[in-house]
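Topology and contacts: notes
One letter stands for each residue in the lines below.
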Amino acid sequence: MKGALCAQGALQNSVPIQTVQANAAGRFRLPAGNGAMVLRATYRGVQYWQPAPNNGKPVRITVYDLAPPSAKFQVQAQVAVVQPENSELAVVDEYIVQNPLHRTLYRPGGLFRFRVPRNIQPDGAHVIGPDGVGLTLNAQPTPKYAGEYTVAAPIRPGETRIQVSYRIPYATQQANLTEQAVYPTGHFMVYVPQAMKFQGAKFVPVTTTEGYNVYGALAT
C-alpha cells in the first residue's frame with residue numbers, strides 16, 4: 001500500500017506533497033504539512049482518502065479488498081434539487097448508494113452509471129464516501145451504454161452519496177424534467193423552491209423545509 005499527503009481541494013487532480021510505501025503492517029509516516037491536508041492511500045489500484053490533522057497524531061485510514069465483479073450495490077433513494085438561475089434551471093441529482101459487503105466495489109473507468117436529459121451534458125459529480133470525505137470527479141460517457149455517464153469512484157462498504165449536477169433551459173420559466181433510472185431505486189424525492197410550481201405523475205407533497213417544497217414518489 002502506498003500513502004501520500006495532499007493539499008485539500010479538488011482531490012481527483014491533487015498533486016501529492018510526499019509519497020511513501022507502507023511496511024508489511026500497513027504503517028507509514030509522513031511529515032506534517034501546512035494548512036488543510038488529506039491522506040491518500042492506494043491499495044489494489046483503489047484510492048482512499050482521509051483528512052489528516054496537522055498535529056502529528058496518528059491517523060487511521062481503512063482500506064478493503066475488492067469485491068468480485070458479480071457483486072452489486074443498492075440505490076436506496078434518489079433526490080433531485082432544482083433551483084432557477086437566470087435562464088437556466090440548475091439540477092442536482094443525489095443518489096444514495098448502499099454497499100452491504102465488507103469489500104470495495106470498483107471498476108477501472110467507472111462502476112456507477114447514471115443518465116441526464118437528452119442533449120444535456122453533466123457539469124460534473126461529487127462523491128461523498130462513508131467517512132464524509134468528498135471527491136470531485138468528471139463524468140465520462142460510457143462507450144457501452146449510449147446516453148449514460150459514469151464516475152470513476154470506488155463504492156466502499158456502507159453508504160456513498162453521488163451528486164450529479166447539470167443545467168437545462170429555463171428561459172420561458174417552464175421546464176420538463178425526465179429521469180430514467182439506470183438501477184432500481186427505493187424512493188425518489190424532488191426539492192422545489194416554494195416560489196415554483198411542480199407537477200409529476202405519482203408525486204405527492206411530503207413536507208416543506210428550508211424554503212423548498214418536497215415531493216415524493218415510489219421509484220422503480
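Source: prediction; values computed, not measured.

One non-glycine residue with positive phi stands out, namely R44, at about 55 degrees. Relative to the helices and strands, R44 resides in the loop between strand 3 (37-43) and strand 4 (46-52). Judged by its relative accessible area of 54%, R44 is exposed.

One can find E159 in strand 12 (residues 158-169). Among the residues examined, E159 registers a relative accessible area of 31% and is labelled partly exposed. Along the backbone, E159 and P130 are 29 residues apart, and their C-alpha atoms lie at a distance of 5.3 Å. Looking at E159, its side chain comes within polar contact range of the side chain of R161, at 3.0 Å.

Note that V79 resides in strand 5 (residues 74-85). With residues up to four places along the chain from it excluded, the contact list for V79 reads V92, D93, E94, M189 and Y191.

Going through the model one piece at a time under the given rule, you end up with nine salt bridges. The closest approach of N and O atoms between R115 and E148, which form a salt bridge, is 2.9 Å. Remark: E148 occurs in strand 11 (residues 148-151) and R115 occurs in strand 7 (residues 112-115); sequence separation between them is 33 residues. Residue classification places R115 among the partly exposed positions, given a relative accessible area of 24%. For the salt bridge of D123 with R167, the shortest nitrogen-to-oxygen distance reads 3.7 Å. With a gap of 44 residues between them, D123 in the loop between strand 7 and strand 8 (124-128) and R167 in strand 12 connect regions that are remote in the sequence. Here R167 falls in the partly exposed class, since its relative accessible area comes to 32%. Residues joined in a network through salt bridges with shared partners are E85, E88, D123 and R167.

Here P69 shows up in the loop between strand 4 and strand 5. In this structure P69 comes out as exposed when scored by relative accessible area, which is 83%. Once the C-alpha coordinates of P69 and R107 are considered, the two residues, 38 residues apart in sequence, prove to be 8.2 Å apart.

Counting residues in hydrophobic clusters, the biggest one holds 39 residues, and the most contacted among them are F73, V97, F112 and F114. Of all the secondary structure elements, the ones that give two or more residues to this core are strand 5, strand 6 (88-99), strand 7, strand 8, strand 9 (134-137), strand 11, strand 12 and strand 13 (185-193). In this view, F114 contacts Y95, P122, A139, G147, E148, Y149, T150, V151, V164 and V182; residues no more than four positions away in its chain are not counted. Listed in part, the seven residues of the second largest apolar core include A41, V46, Y48 and I61.

Attention shifts here to the packing of aromatic side chains. Within the structure shown, the criterion is met by 10 aromatic pairs. The interplanar angle of 40 degrees and the centroid separation of 5.9 Å between the aromatic rings of F73 and F112 together place this pair among those described as tilted. Of the two residues, F73 is situated in the loop between strand 4 and strand 5 and F112 in strand 7; the sequence distance between them amounts to 39 residues. Between Y191 and Y212 the ring centres are 6.2 Å apart and the planes differ by 65 degrees, which places this aromatic pair in the edge-to-face class. With Y191 in strand 13 and Y212 in strand 15 (residues 212-218), this pair connects stretches of sequence that are 21 residues apart. Here the aromatic residues F73, Y95, F112 and Y183 are joined through ring pairs into a cluster of three or more. Of note, R113 hangs over the ring of Y145, and the distance from its end group to the ring centre comes to 3.8 Å.

Conventions used here
- Numbering of residues begins from 1 in every chain and follows the order in which that chain's sequence is written.
- Two thresholds apply to this predicted model, a pLDDT of at least 70 for residue-level local features and 80 or more for giving and counting side-chain atom pairs, whereas whole-chain, interface and lining totals are computed over all residues.
- Side-chain descriptors were evaluated using all non-hydrogen atoms of the structure, hydrogens and water having been removed beforehand.
- Under the scheme used here, helices are H or I runs from DSSP no shorter than 4 residues and strands are E runs no shorter than 2 residues, and both carry numbers assigned from the N terminus.
- Relative accessibility under 20% of the residue-type maximum defines a buried residue, over 50% an exposed one, and the middle range a partly exposed one, all with a 1.4 Å probe and only protein chains included.
- Throughout this description, a polar contact denotes any pair of N or O atoms lying within 3.5 Å of each other; where both atoms belong to protein, one of them has to be capable of donating a hydrogen while the other can accept it, and for residues adjacent in sequence the pair is counted only when both atoms sit in side chains.
- In what follows, residue pairs with any heavy atoms lying within 4.5 Å of each other are defined as contacts.
- Between Lys or Arg on one side and Asp or Glu on the other, a salt bridge is scored when a side-chain nitrogen of the former is within 4 Å of a carboxyl oxygen of the latter.
- For the purposes of this section, nonpolar cores are sets of buried Ala, Val, Leu, Ile, Met, Phe, Trp, Tyr and Cys residues that join through side-chain atoms within 4.5 Å.
- Planes of paired rings set the category: under 30 degrees apart is stacked, over 60 is edge-to-face and the rest tilted, where pairs are Phe, Tyr or Trp rings (Trp by its six-membered ring) whose centres lie within 6.5 Å.
- For a lysine, the NZ atom is tested; for an arginine, the CZ atom; a charge sits over a ring if that atom is within 6 Å of the ring centre and within 35 degrees of the ring normal.

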